[in-house]
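Examining the three-dimensional arrangement
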Amino acid sequence: MTFKRGAFSISVKYEAIIKEDNILSFKSGNSVDSYKFMGSHLATHKGKKGVSFMVWAPNAKKVYVSGEFNKWELDTHQMINLYDSGIWSIFIEGLKEGDKYKYNVVGCDGISRLKSDPYATFSELRPNTASIVYDLEDYEWSDEKWQQDKSKKICDQEPMNIYEVNLGSWKRKWDGDFFTYEELYEMIDYAKDMGYTHIEIMPITEFPLDMSWGYQTVGYYSPTSRHGEPNGFRKFVERCHENQLGIILDFAYSHFCRDEHGLYKFDGSPQFEYSDPTKADNNGWGTAHFDLGKAEVNSFLLSNVLYWFKEFHIDGIRVDAVSSMLYLDYDGGDWKPNKYGGRENLEAIDFLRKLNETAYKYITNPIIIAEESTAWPMVTGPTYKGALGFTYKWNMGWMNDTLKYMEMDPIYRKYHHDLITFSFMYAFSENFILPLSHDEVVHGKKSLLDKMPGDSWQKFANLRLLYAYYMIHPGKKLLFMGSEFGQGLEWRYAYGLEWELLEREPHSKMKDYVRDLNHMYKNDKALYEIDNVYDGFDFIDPHNSDQSVITLMRKGKDEKDFTIAVINFTPVVYYDYKVGVPFSGVYKEVFNSDDDKYWGSNQTMSGVEIFSNNEKWHNKNYCINIKVPPLGATFIKLKKSSNNEEEIILEEKETKHINLKETVAEIKAALESRPKKSEIEKRESIEIHKKEVKIDMMKLNKIKK
């Protein structure tokens, strides 16, 4: 492997690396930058250039560095135990970037184990397992504008529409090779065109087994070599920022794999994992849990969080399997209660709060997401109020209920109406993300499209309906790759997506639909500006279970900036459907999932002006009559508000005579000269004017032609 470097490579003095302050900070559990001295670093010592190595192995008898430089001899380069701290170090002259190495750890049991460096910043491609000396100092970032703009934003009040991807299977080369970070720029362009705001990447921390999808990690500081060098990933992140896309990475801080070269029994004892087997073993996944009560493990993991934010400029992280951290009995095996007799893991609670406090202390506007699948209270919110401190939590309850409902034949949905409405009872109890993630399209669960009932047309209609409901529902959004064009098969980690399906009309139009829906969301403040409190939401009609129709409204900060969605979960078209609205005026349909350009039946109201009626309905002072599409959703916005009859007639007159240049004064004079009428006569007068407008507009169109 050849490394080309410019003039920016930096070597630090070995004495600065091994200073006692670094050791004490690491052992206290409060180090947040331990990656700057632990692991391998280009350094100088007594005027000589080489590499500094430092590793934590408190119960090891001896530790050696073995690598290409000494022909993998196991006992020629012995490390010293600094200050008798259990942290071992050595400076080896003449080593350079690109050299491969491992630690030969002679454990407390007397057994030698070749271990990868826990702090390695680059690793060999599996099945090889050596660590590689890599200089992260040699990089100049150019995303200052993105960082400045991000610092001024409040993420709760911004759109967040996440495209979840697995880099190894978004596309795959014909021979099975992976695309490089640079070759994956195509994905960035695609995500931007599709209207996403963020890309969330399943774990790229180095992992040995493709089948684990990255969630069984060995190298927490090492971007996987499957796609290239660490600086290649930095350029990938930079390219995302250039295209106004944030980057979120997944991390497994609950557990790690038991591979011999990894963290498991690193020094022959339970070092990174709990010593108590009932807490250490994750029987369901065959992995080991981090001992989150151990100070050095805290330093290792807290530093890891900041490492990715600072060294790779990511914008957020998602902590996987938080529930398995919080509960001592999570996997159903043997367990012991905590000191209070409960099932909660007290060390994990403290660690998660500390993780979030650390991120918010050192990073501007970080996004920290919890995948937490239980009813644990206050996952999101500030720690000083007793919460765990996460920015967002995946809404697993919403996901499970919604998919269960959507999989039903429409004829039975009216008997399970609560599945589609119950989530609004707790929608604002946390800051939620609505996840339609990778977990829902694997292991025999079928793809989202294949979950939908009915024939081919109905499957696509139901899927469009699902996405419309998901988009209008309070909460940020996440959709797994391939779902945007109706992937037919389940996700397969070893193969690329079914891009060939885009040659078929239903799939290409589904992609167009999701793109237009995404852009509508991003451009409509009512859909995201007040996302986590009741002030931004109004359930106009949750009760129409007989027709399986719900009507809801999302609101922005401006009281007249709102979007009404009428969602029909049956294949029946409803004409003249009455909907309560908050203001008198003219309304318009801004989006319809049944549009024929999306392979729908075209039951739309495109171009139609919808005039409100002075009739109270759904606890609103006014109502409109609309057409509701089958297995579809219509989104409606206020085009022009009117508080009384005069304003309605003024609007109609202005529309009718726009080319005749009648003045507002003339219209008012005409109104004043009219005799007083009853309310019924007034409404009849308005209807007559509506007809006149339509006739005159037809005449004008003929003249134009």
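Quick summary incoming for the structure in this document. Because the structure is a prediction, the values reported are computed rather than measured.

All right, on to the overall build of the chain then. Within the chain one finds 18 helices and 30 strands. By the burial criterion, 59% of the 705 residues in the chain qualify as buried. Across the chain, contacts joining residues at least 24 apart in sequence account for 72% of those joining residues at least 6 apart. Accessible surface computed for the chain: about 29500 Å², of which carbon and sulfur atoms make up 50%.

Tallied over the full model, the rule gives 62 aromatic pairs. Aromatic side chains Tyr119 and Phe300 sit 5.3 Å apart centroid to centroid with 90° between the ring planes, which places their arrangement in the edge-to-face category. With Tyr119 in the loop between β8 (112-115) and β9 (131-132) and Phe300 in helix α7 (residues 295-312), this pair connects stretches of sequence that are 181 residues apart. Both residues of the pair, Tyr119 and Phe300, count as buried. The interplanar angle of 50° and the centroid separation of 6.0 Å between the aromatic rings of Phe428 and Phe537 together place this pair among those described as tilted. Of this pair, Phe428 sits in the loop between α12 (418-421) and β21 (432-436) while Phe537 sits in strand β23 (residues 537-541), and the two are 109 residues apart along the sequence. Phe428 gets classed as buried once you look at its relative accessible area, which sits at 14%. For Phe537, a relative accessible area of 9% corresponds to the buried category. Sitting over the face of the ring of Trp499, Lys171 holds its NZ or CZ atom 5.5 Å from the ring centroid. Here the basic side chain of Lys560 rests over the ring of Phe583, its NZ or CZ set 5.3 Å away from the ring centre.

Here we come to helix α9 (residues 346-362). Taking 1.5 Å of rise per residue, 17 residues should cover 24 Å, and α9 covers 25 Å from first to last C-alpha, within 8% of that figure. Looking at α9, one finds that the buried residues are Ala348, Ile349, Phe351, Leu352, Leu355, Asn356, Thr358 and Ala359. Where α9 is buried, its residues touch α7, β18 (316-319), α8 (322-326) and β19 (367-370). Measuring from the backbone nitrogen of Glu347 back to the side-chain oxygen at the start of α9 gives 3.1 Å, which picks out Asn345 as the cap.

Burial along strand β11 (residues 198-201) is two-sided: the residues His198 and Glu200 and Ile199 and Ile201 are all buried. Read as a crossover between parallel neighbours, the route from strand β10 (residues 161-165) over helix α4 (residues 185-193) to β11 is right-handed. Sheet topology places β11 next to strand β14 (residues 246-251); four bridges connect them, and they run parallel. Of the residues in β14, the one forming a bridge with Ile199 is Ile247.

Strands sit in the order β15-β17-β16 across an open sheet of three strands; the sheet is antiparallel. Two strands lie at the open edges of the sheet, namely β15 (255-256) and β16 (281-282), each paired on one side alone. Examined bridge by bridge, β16 and strand β17 (residues 287-289) share two bridges and lie antiparallel to one another. Residue pairing for β17: Asp281 is matched across the bridge by Ala288.

This paragraph deals with helix α2 (residues 20-28). One turn of an α-helix holds 3.6 residues; hence residues three or four places apart share an orientation. Here α2 has its buried residues at Asn22, Ile23 and Phe26. The buried side chains of α2 occupy one side of the element, clustering within an arc of 100° when seen end-on. Along α2, the residues that are exposed and aim more than 90 degrees away from the buried face are Asp21 and Leu24. The first or second residue beyond α2 is Gly29, which carries a positive phi of 85°.

Rules and cut-offs
- What you see as residue numbers is a count from 1 along each chain, following the sequence as written.
- This being a predicted model, a pLDDT of at least 70 is required before a residue's local features are given, and a value of 80 or more before pairs of side-chain atoms are given or counted; all residues contribute to the totals for chains, interfaces and linings.
- As a convention, hydrogens and water are excluded, and side-chain values are obtained from all of the structure's heavy atoms.
- Helical segments are the DSSP runs of H or I of at least four residues, strand segments are the runs of E of at least two, and each set is numbered from the N terminus.
- A simple rule labels every residue: compare its accessible area, found with a 1.4 Å probe on the protein chains alone, to the largest value its type can have, and call it buried under 20%, exposed over 50%, or partly exposed in between.
- Only heavy atoms matter for contacts: two residues are in contact if any of them lie within 4.5 Å across the pair.
- Methods summary: accessible areas were calculated by the Shrake-Rupley approach with a probe of 1.4 Å, and residue burial reflects only the protein chains presented.
- Two rings from Phe, Tyr or Trp (for Trp, the six-membered ring) form a pair when their centres sit within 6.5 Å of each other. Planes less than 30 degrees apart are called stacked, planes more than 60 degrees apart edge-to-face, and all others tilted.
- Think of it as a cone above the ring: NZ of Lys or CZ of Arg counts as a charge over the ring if it is within 6 Å of the ring centre and within 35 degrees of the ring normal.
- Multiply 1.5 Å by the residue count of a helix minus one, and that product is the helix's expected span.
- We call two N or O atoms a polar contact when they sit within 3.5 Å, provided that within protein one can donate a hydrogen and the other can accept it, with sequence-adjacent residues counted only if both atoms are side-chain atoms.
- A crossover counts as right-handed when, viewed with the strands pointing away from the observer, the path leading from the first strand over the helix to the second turns clockwise.
- Pairing between strands is defined by DSSP: at least two bridges between the two strands are required.
- Regarding the arc, it is the one traced by the directions from the helix axis to the C-beta atoms.

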